[in-house]
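A look at the structure
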Amino acid sequence: MFKNHVKYFTWLLTIVFVFYGQLSYSQTFQLKGRVLDSGSKEFLNGVSVTLKGTAFGEVTKGGGNFEIERVLEDKYTLSLTLPGYNKYEQVVRLNGDLDLGDIFLVKFGAEGTGAALQKTIRANNITNLFNDRPNMIGGNMVYGIPPEAKKVEGNNYLDTKWNTASLLLYRDQQLLEGFRVRYNIVSNMFELMEPENNMVSVMPGLRIQNFVWVDSTYKVPRYFVNGMDFKEEGAPISGFFEVLVDGELPLMRRTKAVFKESNYNEALMVGERNDKIIKRNTYYYLEDKDIIELPSRRKKIFAIFEDQAEEMEAYTNENSIDLKDPSGLFQLFTHYNAQFPGFRPIISQLLDETN
């Protein structure tokens, strides 16, 4: 009996030492960075920095810096929270010491386009974020979209390609970054592809307050806000609007997908053989929380600018601007908003692709 106990004890010690040896030789790494205010660029102390689902965490101090030591190799979700700021999350894969550099937190209600766009991703703030994280520009694009059904031409996506995006959620003002995204106009659903693999999840548009993505063709950021924050003829709107010109009187665009049924005549062999999904753009301007479709007549467009109507008409005539062309509207609204202090264009030219 004693020999059996000795044998068992020896076996147990062997297992313990082997396990301890494996732990001793497991590689661990350091994760560090610095947290700043996106507007003022001042460092932020007291930010809670955690790796979600683990015991790893720290609070920024000494110039907004944090260092998390002895972290095992794996993929983690880094989460940063500070009262008064949007929550920040980023997926990181740790296979060596990693310095994330400067990370910017955006204040709730950062100033920008009028009261209607308060507590959203502001154009200026997001521009700063992109400038300071150039790795997002051009992101990873995934092609090879599954073909549409043979009887239907077109698709319901705002853009069939996957664009690297930042999304601000209504709940807790959480900011998601690093995902590649496609948006289905008809279903008002987002498809999100994880940064490190090709796994795709779906999120309803009603959960997302606004988003900005880097256009995979033109390599420029584009800004979208949820229509639920606005009213059209007194009622909230489903779907998203693209902010084309920010400022005192914003210019916005909404893309709709329209199903056009085939009109093919078998007997005469004339007409369109296939059904089609056609995407059409409608342009709006924003007054407080009311989003109003732009009129088609020139005089009514100029009337929008009230006491500067004559000046805007003169500018249009002098520069031979065609207001039936969306690029002409973009030019006119850019000129008007540029007269107010603090104006910064968010795009240099109008992107008018619906693919």
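If you look the chain up in an unreviewed UniProt entry, it shows as Outer membrane protein, probably involved in nutrient binding from Algoriphagus machipongonensis.

**Here we look at the overall build of the chain**
A tally of helices and strands in the chain yields five helices and 20 strands. Considering the chain as a whole, with its 355 residues, one finds that 43% of them fall into the buried category.

**Some points on the packing of aromatic side chains**
Scanning the model with the defined rule gives 13 aromatic pairs in all. A centroid spacing of 5.4 Å and a plane angle of 55° characterise the contact between F211 and W213, whose relative ring orientation is tilted. Cluster of aromatic residues (ring-pair linked, three or more members): Y183, F190, F211, W213, F224 and F240. The side chain of R182 reaches across the aromatic face of Y157, ending 4.0 Å from its centre.

**Some thoughts on a negative patch on the surface**
A surface patch of negative charge is lined by E287, D288, D290, E306 and D307. Accessibility expressed as a relative area gives 34% for E287, which makes it partly exposed.

**Notes on the pairing of strand β9 (residues 163-169)**
Most of β9 sits out of view: seven of its seven residues are buried. Burial along β9 is two-sided: the residues N163, A165, L167 and L169 and T164, S166 and L168 are all buried. Hairpin connection of β9 to strand β10 (residues 174-184): four residues between the antiparallel strands, including D172 at a positive phi of 60°. One ladder, built from five bridges, connects β9 with strand β13 (residues 208-214); its direction is antiparallel. Looking across to β13, one finds that S166 is bridged to V212.

**Examining helix α5 (residues 326-337)**
With 12 residues, α5 extends 17 Å from end C-alpha to end C-alpha; this agrees with the ideal 16 Å at 1.5 Å per step. Along α5, the residues classified as buried are P326, G328, L329, F330, L332, F333, Y336 and N337. The backbone nitrogen of S327 has a side-chain oxygen 2.9 Å away, supplied by the residue at the start of α5, namely D325.

**Looking at the confidence of the model for the chain**
Looking at the chain as a whole, its pLDDT mean stands at 78, while 78% of the residues score no less than 70. Mean pLDDT values over the elements of the chain span from 42, in helix α1 (residues 2-25), up to 95, in helix α3 (residues 298-303). Long-range and interchain partners of residues 110-150, a stretch whose pLDDT sits below 50, account for 90 contacts in this model, where long-range means more than four residues apart.

**Concerning the packing of helix α4 (residues 309-318) against α5**
Interhelical geometry of α4 versus α5 gives an angle of 130° and a closest axis separation of 11 Å. The angle between α4 and α5 places the two elements in the oblique class. Considering only the axes of α4 and α5, their crossing is right-handed. Contact residues: E311, M312, Y315 and T316 in α4; Q331, L332, H335 and Y336 in α5.

**A word on the sheet that holds strand β7 (residues 98-105)**
Read across the open sheet, the three strands follow the order β4-β1-β7; overall the sheet is mixed. Each edge of the open sheet is held by one strand with a lone partner, namely β4 (65-72) and β7. Neighbour-to-neighbour, the strand axes of this sheet turn through a mean angle of 25°, independent of strand direction. Looking at chain direction, strand β1 (residues 28-37) and β7 are connected through six bridges and run parallel. Note on β7: the bridge partner recorded for D37 is L105.

Criteria and thresholds
- Residues numbered from 1 in each chain as written.
- Predicted model: local features only at pLDDT ≥ 70, side-chain atom pairs only at ≥ 80, totals over all residues.
- Heavy atoms only, no water.
- Helix = DSSP H or I, 4+ residues; strand = E, 2+ residues; numbered from the N terminus.
- Buried < 20%, exposed > 50% of the residue type's maximum accessible area, 1.4 Å probe, protein only.
- Phe/Tyr/Trp six-rings, centres within 6.5 Å; stacked < 30°, edge-to-face > 60°.
- Lys NZ or Arg CZ within 6 Å of the ring centre and 35° of its normal.
- Patch = residues over 30% accessible without salt bridge, like charges linked within 9 Å, V, L, I, M, F, W, Y side chains within 5 Å.
- Areas by Shrake-Rupley, 256 points an atom, 1.4 Å probe, with all protein chains shown as cover.
- Salt bridge = Lys/Arg side-chain N within 4 Å of Asp/Glu carboxyl O.
- Lys, Arg positive; Asp, Glu negative; His and termini not counted.
- Charge placed at Lys NZ, Arg CZ, Asp CG, Glu CD.
- Pairing = 2+ DSSP bridges.
- Expected span 1.5 Å × (residues − 1).
- Polar contact = N/O pair within 3.5 Å; in protein donor to acceptor, adjacent residues only side chain to side chain.
- pLDDT = per-residue confidence, 0-100.
- Contact = heavy atoms within 4.5 Å.
- Axes fitted to C-alpha atoms, helices over the stretch in contact; angles between N-to-C directions.
- Parallel < 35°, antiparallel > 145°, perpendicular 65-115°, else oblique.
- Left-handed = near helix turned anticlockwise from the far one by under 90°.

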